[in-house]
Amino acid sequence: MPIPAIPDDPIDTNHGDQLLQLLLQICEDFLARAPAATHHEVDTLLRARGITGGPGWLIDMLGLTRLRLQNATHRDEQGPHHDT
């Protein structure tokens, strides 16, 4: 997977959203394919923070957050929508 170029404009929030989406997807993909030992460690980490959903919950949250960002970016690129 190619690494996205860093834009000259540091205020480009769309690029920041794209990087965040990429990071979320990488984490989601990694955890979905991780061995049982990794899932156990993630579960231990989550439980230490009071989250009992387990690795499946975390994978779902990563995916849902990524999709929400993609949808928000897609709406922003389309511009304002006016119902008539």
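For the structure, see preceding data.
### Comments concerning the overall build of the protein chain
Phase 1 of the analysis: In terms of regular secondary structure, the protein chain is built from 3 helices and 0 strands.
Phase 2 of the analysis: Beginning at the N terminus, the succession of helices and strands in the protein chain can be written as α-α-α.
Phase 3 of the analysis: Buried positions account for 21% of the 84 residues belonging to the protein chain.
Phase 4 of the analysis: Contacts spanning at least 24 positions in sequence make up 52% of the contacts within the protein chain whose residues lie at least 6 apart.
Phase 5 of the analysis: Taken as a whole, the protein chain presents about 6,600 Å² of accessible surface, with 59% of it coming from carbon and sulfur.

### Some words on helix H2 (residues 36–48)
Phase 1 of the analysis: Taking 1.5 Å of rise per residue, 13 residues should cover 18 Å, and H2 covers 18 Å from first to last C-alpha, within 8% of that figure.
Phase 2 of the analysis: Directly beyond the C-terminal end of H2, a positive phi value near 80° is found at Gly50.

### Focus: the pattern of salt bridges
Phase 1 of the analysis: Tallied over the entire structure, the rule returns 3 salt bridges.
Phase 2 of the analysis: Arg47 is the salt-bridge partner of Asp43, the closest N and O atoms lying 3.1 Å from each other. Of this pair, Asp43 and Arg47 both sit in helix H2, 4 residues apart, which is roughly one turn of that helix.

### Here's the deal with the side chain of Gln21
Phase 1 of the analysis: Here Gln21 lies in helix H1 (residues 13–33).
Phase 2 of the analysis: Among the residues examined, Gln21 registers a relative accessible area of 12% and is labelled buried.

### Here we look at the environment of Leu62
Phase 1 of the analysis: With respect to the element layout, Leu62 can be found in helix H3 (residues 54–78).
Phase 2 of the analysis: The class for Leu62 is buried, based on a relative accessible area of 13%.
Phase 3 of the analysis: Taking C-alpha positions, Leu62 is 5.9 Å from Glu28, a pair spaced 34 residues apart along the chain.
Phase 4 of the analysis: Dropping the residues within four chain positions of it, Leu62 is found in contact with Leu24, Cys27, Glu28 and Leu31.

### Some details on the nonpolar core
Phase 1 of the analysis: Within the largest apolar cluster, 7 residues are counted, these being Leu24, Leu31, Val42, Leu46, Ile59, Leu62 and Leu69.
Phase 2 of the analysis: Going through the elements one at a time, H1, H2 and H3 are the ones with two or more residues in this core.
Phase 3 of the analysis: Looking at which element gives the most residues to this core, the answer is H3, with 3 residues.
Phase 4 of the analysis: Those residues in contact with Leu69 that sit more than four places away from it in its chain are Leu20, Gln21 and Leu24.

Calculation notes
- Residues numbered from 1 in each chain as written.
- Predicted model: local features only at pLDDT ≥ 70, side-chain atom pairs only at ≥ 80, totals over all residues.
- Heavy atoms only, no water.
- Helix = DSSP H or I, 4+ residues; strand = E, 2+ residues; numbered from the N terminus.
- Buried < 20%, exposed > 50% of the residue type's maximum accessible area, 1.4 Å probe, protein only.
- Contact = heavy atoms within 4.5 Å.
- Areas by Shrake-Rupley, 256 points an atom, 1.4 Å probe, with all protein chains shown as cover.
- Expected span 1.5 Å × (residues − 1).
- Salt bridge = Lys/Arg side-chain N within 4 Å of Asp/Glu carboxyl O.
- Core = buried A, V, L, I, M, F, W, Y, C linked by side-chain atoms within 4.5 Å.

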